[in-house]
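Summary of structural features
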Amino acid sequence: MDCPATSIDSGNNFGDTLATWDTARAVLLSLAFVLLATTVLLESFLLPSRRKTRSGAGRSLEQELLTHVVITGGSSGIGLSIARECIERGARVVTLLARNPEKLAAAKKELEALSSAVSGASEGKKQRCAIEVVAVDVSDQPGIVRAARDVCTSQSHPVPTSLLNVAGTSSSAAFVDTDYSEFRRLMDINYMGTAYATRAFLPYMLEDSGGIRPRAIVFTSSQAGQLGIYGYTAYSASKFALRGLAEALHMELAPRNVSVQVVFPPDTDTPGFEIENLDKPAVTRVISETSGLFSPEAVAKALLDSMAAKRPAFGITIGLDGFMLGALTAGMSPCVDGLGALYQIFLAGLFRFVSLFYLWDFRRTVARMLVEEEQKKEKNE
């Protein structure tokens, strides 16, 4: 009498399992359909077509963009690492702009030796890269205009095909401890220097390209240009400003086959970073260490990889935290890549939830460390 009941229960369990699998399959198919429909909509209507790659016979997009690369702030740090990477990838001409003539001379000597080594190792497949240097302060508007004219009208080299704005500086302090002049200084170098250099070089690049050959412009912001951090009131403002400039300029130049991108590096192991750390508030140091410390070589590689893509991402991010910040802060920024659009659409809510835990931890860290500082002051008194 018991066996039939057991058989019926087994049948019901089997039927429930089938129903569960049917439901799961229906959900997966629905999700796949939504993703497919979204991708078709993006690719067919909402995203721009791949940028035109017409260039010299047989030349790749990367080779075209590396014909003549101008790098501001190229004598050290990220800028110098980008120059090295450009030479490794077969750049024909690299021009470095920086303030210090001695550092420029040392950088030129190093890069010329690297160019000879790369050319020799390739057994003639790669020609030697010509290295030019110009001592100029990017925040000096007349000076950068003269430098651009001299570089772009030179008969010995082609007009620049890529402009990489890396020159910048940083400082950190509590807002009330920041000198009034520091707000102006950081804005002059980080924002105005980038705006001046781009304004000076762009007319020559446009005239030479004619909207046919691709050109590239990259701005160097920071993760502190995506997220306001304790101690970076002056610095963050100057880096946030670059994004607004880049978004507006992207809309102007995309139809003319000029890509405009912004790279958002985390803390990067450069000489400038070491100097900044000398008087960085302890709170700022603890919070900024959340994203880790990256090498300038990693930043250079990510920048050039993205710049040479057929659909270059507007925002170039480094690391997992950078990826999350990129999706969180996408806003109304240009989007040209289907995969990037998908993760911004479907992951933004999840990342926003995760970000609340980060912000909670930052608030807790600030409150705790400020209390500790007050206690130390009281003991010293």
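These figures come from a predicted structure and were not determined experimentally.

Attention now goes to the pairing of strand 2 (residues 93-98). Judged by how many residues are buried, strand 2 sits mostly within the fold: 6 of 6 residues are covered. Side chains Val-93, Thr-95 and Leu-97 of strand 2 all project onto a buried face; the interleaved residues Val-94, Leu-96 and Ala-98 project onto the opposite face, where all are buried too. Sheet topology places strand 1 (residues 68-72) next to strand 2; 5 bridges connect them, and they run parallel. Bridge pairing links Val-69 to Val-94 in strand 2. Between the parallel elements strand 1 and strand 2, the chain passes through helix 3 (residues 77-88) in a crossover that is right-handed. In terms of strand pairing, strand 2 meets strand 3 (residues 130-135) through 6 bridges, oriented parallel. Looking at strand 3, one finds that Leu-97 is bridged to Val-134.

Right, let's get into the nonpolar core. Ile-71, Ile-82, Val-94 and Leu-164 are the most contacted members of the largest nonpolar core, which has 33 residues in total. Mapped onto this core, the elements with two or more residues apiece are helix 2 (61-65), strand 1, helix 3, strand 2, helix 4 (101-121), strand 5 (215-220) and helix 10 (296-307). It is helix 3 that contributes the most residues to this core, 6 residues altogether. Once residues within four sequence positions are removed from consideration, Leu-164 is found in contact with Val-69, Val-70, Ile-71, Thr-72, Ile-82, Val-218, Leu-303, Leu-304 and Met-307.

The next thing to look at is the packing of aromatic side chains. As enumerated under the stated definition, the model contains 6 aromatic pairs in all. Ring plane angle 80° and centroid distance 5.3 Å describe the contact between Phe-353 and Phe-357, whose orientation is recorded as edge-to-face. Taken together, the residues Phe-353 and Phe-357, both in helix 12 (residues 338-380) and 4 residues apart, mark about one turn of the helix. For Phe-357, a relative accessible area of 48% puts it in the partly exposed group.

Tallied over the entire structure, the rule returns 1 cavity of 30 Å³ or more. Lining the largest cavity are Ile-87, Ala-91, Ser-115, Val-118, Ser-119, Lys-126, Gln-127 and Cys-129. In terms of residues, the lining of the largest cavity owes the most to one element, helix 4, which gives 3 residues. Here the residues of the lining of the largest cavity sort into 4 nonpolar, 3 polar and 1 charged.

Right, let's talk about the UniProt feature "transmembrane region" (unreviewed entry) in the protein for a bit. If you check UniProt for "transmembrane region" (unreviewed entry), the listed places come out as residues 26-47, 313-333 and 339-360 in our numbering. Helix makes up 48% of residues 313-333 and strand 14%, and the two end C-alpha atoms of the span are 10 Å apart. End C-alpha atoms of residues 339-360 are separated by 30 Å, and the span's content is 100% helix alongside 0% strand.

Attention now moves to the pattern of salt bridges. Counted according to the given criterion, the structure contains 15 salt bridges. Arg-89 is paired through a salt bridge with Glu-62; the nearest N and O atoms lie 2.9 Å apart. Of this pair, Arg-89 sits in the loop between helix 3 and strand 2 while Glu-62 sits in helix 2, and the two are 27 residues apart along the sequence. Residue classification places Arg-89 among the buried positions, given a relative accessible area of 18%. Classification of Glu-62 as partly exposed rests on a relative accessible area of 25%. Put simply, Asp-208 and Arg-215 hold a salt bridge, and the shortest N to O gap is 2.7 Å. Among the charged side chains, a salt-bridge network with shared partners connects Glu-62, Glu-85, Arg-89, Lys-301 and Asp-305.

Conventions used here
- Residues numbered from 1 in each chain as written.
- Predicted model: local features only at pLDDT ≥ 70, side-chain atom pairs only at ≥ 80, totals over all residues.
- Heavy atoms only, no water.
- Buried < 20%, exposed > 50% of the residue type's maximum accessible area, 1.4 Å probe, protein only.
- Helix = DSSP H or I, 4+ residues; strand = E, 2+ residues; numbered from the N terminus.
- Pairing = 2+ DSSP bridges.
- Right-handed = clockwise from strand over helix to strand, strands pointing away.
- Core = buried A, V, L, I, M, F, W, Y, C linked by side-chain atoms within 4.5 Å.
- Contact = heavy atoms within 4.5 Å.
- Phe/Tyr/Trp six-rings, centres within 6.5 Å; stacked < 30°, edge-to-face > 60°.
- 1 Å grid on protein atoms, 1.4 Å probe; cavity = no way out; pocket = protein on both sides within 12 Å on 5 of 7 lines; lining within 4 Å.
- Points joined across faces, edges and corners; volume = space filled by probe spheres on them.
- Nonpolar A, V, L, I, M, F, W, Y, C, P; charged D, E, K, R; others polar.
- UniProt positions renumbered as here; feature names shortened; annotations may be inferred.
- Salt bridge = Lys/Arg side-chain N within 4 Å of Asp/Glu carboxyl O.

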